[in-house]
Amino acid sequence: MDQAQPAYSHTNILSAEKLSSEKQDRWLFKDISFTIEPGHIFHIKGANGSGKTTLLRILCGLTVAESGEVLWGDKTIRRQHDQYHTQLSYVGHTDGIKQDLTVEENLRVAAVLAQGKQQPPISFNLADILRRIGLAKKKYTFAHALSAGQRRRLALARCLLNDTSIWILDEPLTALDAQGVGLVEDLINMHIQRKGIAIITSHQALNISDAHYKVLSLS
Amino acid sequence: MNVFTTILKRDLLLAIRYRAELLNPMLFFILIIILFQLGMRAKPEVLITLAPAIVWIAALLSALLSLDHMFRSDMEDGALEQMIISTQPTSLLVLAKIIAHWIITGLAVTLVGPLLGMMLGLSFDATKILFLTLLIGTPILSAIGSIGVALTVGLRRGGVILSLLVLPLFVPVLIFASQTVNTYVGGYSVAAPMSILIALLIFSLSLAPWAASAALRMSVS
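Please read these numbers as outputs of a predicted model, since none were measured by experiment. Position numbers for residues count from 1 along each chain, tracking the sequence in the order it is written. Key to labels: chains lettered from A, ligands numbered from 1, both in the order written. This being a predicted model, a pLDDT of at least 70 is required before a residue's local features are given, and a value of 80 or more before pairs of side-chain atoms are given or counted; all residues contribute to the totals for chains, interfaces and linings.

Caption draft 1: A look at the overall build of chain B. When you go through chain B residue by residue, the secondary structure sums to 9 helices and 0 strands. We count a stretch as a helix when DSSP gives it H or I for four or more residues in a row; a strand needs E for two or more, and each element gets its number in order from the N terminus. Ordered by position from N to C terminus, the α and β elements of chain B give α-α-α-α-α-α-α-α-α. Relative to the globule expectation of 17 Å for 221 residues, the C-alpha radius of gyration of chain B, 18 Å, shows essentially globular dimensions. Expressed as lengths along the three principal axes of its C-alpha atoms, the size of chain B is roughly 55 × 35 × 30 Å. Exposed residues have 12 or fewer other C-beta atoms within 10 Å of their own C-beta, buried residues have 20 or more, and residues in between are partly exposed; the C-beta atoms are placed from the backbone. The buried share among the 221 residues of chain B stands at 49%. Restricting the contact set of chain B to residue pairs at least 6 apart, pairs at least 24 apart contribute 80%. A radius of gyration in this sense is built from C-alpha atoms; the matching globule rule multiplies 2.2 Å by the number of residues raised to 0.38. A residue pair is marked as a contact if its C-beta atoms, positioned from the backbone, fall within 7 Å.

What follows is the structure, encoded as structure tokens:
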């Protein structure tokens, strides 16, 4: 099992102020505000089409909200694009994996994208990451030959590349078997112990013991 | 620069592994020119004046055919989102994708074009000029095209709009490139039209990455 790792060097409070978003003349959500402190997990629940993914994309800075702001620390994320994104890992419902690349090639490209501009090139232990997500024997396998659950694990491996303190995961448990779900829970537990922030959407309840667990329901 | 070479390598690797992307534009280019020859009963001297335009129109159409690939698959599998939220400059990523697109499609056209020009009756020296115009002109197509693709990649059926958007912008390249060869065949200096082509190349390669990355941000959101 993983030994305890030190807390992240850059953590901060992530908060949303009166976020609103509409889609095709219908409000998905209106004036929602929340604060997520380091070491907390934020679970967004809601029916299909209730705007969970849109909210996550707004928190990533991919989509602009109709009104409202996302703040990291005391500044809006738009004003600190680079600092915010070096701390962010996002796994969307499209997983960003190229089918015609091997597991290793996919992770190497992701690693280059994840490394910030100012930092020295990040060093990561590929074998160790693959072992932690349970794909140790699949290093040279093409992504199209992986099962849906294995692809999901590969996508989640991106979070481990660059020591990011904010994980935004859209349905991370989809297609995962019981062992895979346990693995994700372990990873999130460790992340939270290191004072990271995890924001997830999921229809399943997560079995996370001592985490500071917050739930937001979108209706 | 690490990120530039990584994306360039990634795109080339994907093209090699998915060969249709590599062969289709090239085959299309050759077929258009052969069909022209079959359909026309022109005298050799008329054919020579038409040859540069025929080769260049074929090059434009084959570029257009392959442009959509530049961002579409990355958009569909979410790789584009990852590029945009990364802290690497998007314009550098776009430049890498433009160069990769040129190597996959433009370079092949540049190498085969002169041979087909010869088939249409151009002299050896004229095909050398044709080669030069293709070498300078086809990267312009990839660069300008990247803006059009970036704007339309968010639409479900962007194909028609892409053609309408991009073809008018290709016209100057077509005019100056085929004019360069015609000027040479007529026995005049090609310095003027060639300089304009080079200027277009520098202009498009230096501005397109910025324009396309701004458009991509809009398309993804």
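Further notes follow.
Caption draft 2: Summary view of the pairing of strand 8 (residues 197-201) of chain A. Residue and element names in this part refer to chain A. Of all the 5 residues making up strand 8, 5 are buried; the element is thus mostly covered by neighbouring parts of the structure. Neither face of strand 8 is open: one carries Ile197, Ile199 and Thr201, the other Ala198 and Ile200, and all of them are buried. Sheet topology places strand 3 (residues 40-46) next to strand 8; 4 bridges connect them, and they run parallel. Residue pairing across strands places Phe42 opposite Ile199, the latter belonging to strand 8. When DSSP finds at least two bridges between two strands, those strands are taken to pair.

Caption draft 3: Up close: the nonpolar core. A:Ile168, A:Ala198, A:Ile199, B:Ala59 and B:Ala150 are the most contacted members of the largest nonpolar core, which has 123 residues in total. Among the elements that make up this core, the one with the highest residue count is helix 7 (residues 124-152) of chain B (14 residues). A set of buried residues drawn from Ala, Val, Leu, Ile, Met, Phe, Trp, Tyr and Cys, joined through C-beta atoms within 7 Å, is what defines a nonpolar core.

Caption draft 4: Local environment of the packing of helix 1 (residues 2-17) of chain B against helix 6 (residues 90-119) of chain B. Residue and element names in this part refer to chain B. To obtain an axis, a line is fitted to C-alpha atoms, over the contacting stretch when the element is a helix, and the angle between two such axes runs from 0 to 180 degrees between their N-to-C directions. Across the interface, helix 1 lies against helix 6 with an axial gap of 8 Å and an inter-helix angle of 35 degrees. Helix-helix and strand crossings are classified by hand; for helix 1 and helix 6 the assignment is right-handed. Residues Val3, Phe4, Ile7, Leu8, Asp11, Leu12 and Ala15 of helix 1 form the contact with helix 6, whose participating residues are Leu92, Leu93, Leu95, Ala96, Lys97, Ile99, Ala100, Ile103 and Ile104. Helix crossings are classified by the rotation of the near helix relative to the far one: an anticlockwise turn of less than a right angle makes the crossing left-handed, while a clockwise turn makes it right-handed.

Caption draft 5: Representation of the interface of chain A and chain B within the structure. Counting residues at the interface gives 26 residues for chain A and 21 residues for chain B. At the level of secondary structure, the elements contributing two or more residues to the side of chain A that touches chain B comprise helix 2 (81-86), strand 6 (88-91) and helix 3 (103-114) of chain A. Per-element accounting of the side of chain A that touches chain B gives the leading share, 5 residues, to helix 3 of chain A. Note that Gly is not counted as nonpolar here; it falls among the polar residues with everything else outside the nonpolar set of Ala, Val, Leu, Ile, Met, Phe, Trp, Tyr, Cys and Pro and the charged set of Asp, Glu, Lys and Arg. Considering only residue class, the side of chain A that touches chain B consists of 13 nonpolar, 8 polar and 5 charged.

Caption draft 6: Representation of helix 7 of chain B in the model. Residues and elements named next belong to chain B. Taking 1.5 Å per residue, 29 residues should reach 42 Å; helix 7 reaches 41 Å between its end C-alpha atoms and fits that length. At Leu135, helix 7 shows its maximal kink, close to 25 degrees; a proline, Pro139, follows between one and four residues later. Counting buried positions along helix 7 gives 24 out of 29 residues, so the element sits mostly inside the fold. Any helix carries an expected span of 1.5 Å times its number of residues minus one. By definition, a residue's bend is the angle between the axes fitted to the seven residues ending there and the seven starting there.

Caption draft 7: Geometry of the sheet that holds strand 4 (residues 67-72) of chain A. All names here are of chain A. In space, the 4 strands of this open sheet follow the order 2-1-4-5, with antiparallel pairing throughout. Both edges of this open sheet fall to strand 2 (26-36) and strand 5 (75-76), since each of them pairs with a single strand only. Seen against the sheet, helix 1 (residues 52-60) touches strand 1 (14-23), strand 2 and strand 4 and runs at an angle of roughly 130 degrees to strand 1.

Caption draft 8: Structural view of the confidence of the model for chain A. You can read pLDDT as the predictor saying how much it trusts each residue, on a scale of 0 to 100. With 93% of its residues at a pLDDT of 70 or more, chain A shows a mean pLDDT of 84. Taken element by element, the predicted model of chain A shows its lowest mean pLDDT in strand 9 (residues 212-218) of chain A (80) and its highest in strand 7 (residues 166-170) of chain A (90).

Caption draft 9: Main features of the sheet that holds strand 6 of chain A. All names here are of chain A. The sheet built from 5 strands is open, its strands ordered 6-7-8-3-9 with parallel pairing. Two strands lie at the open edges of the sheet, namely strand 6 and strand 9, each paired on one side alone. Here the average twist between neighbouring strands, direction ignored, is 15 degrees. Direction of pairing for strand 3 relative to strand 9: parallel, over a ladder of 7 bridges. For His40, the partnering residue across the bridge sits in strand 9 and is His212. Set on the sheet, helix 1 makes contact with strand 3, strand 6, strand 7, strand 8 and strand 9; between it and strand 7 the angle comes to about 155 degrees. Packed on one face of the sheet, helix 5 (residues 148-161) meets strand 6 and strand 7 and runs near 175 degrees to strand 6.

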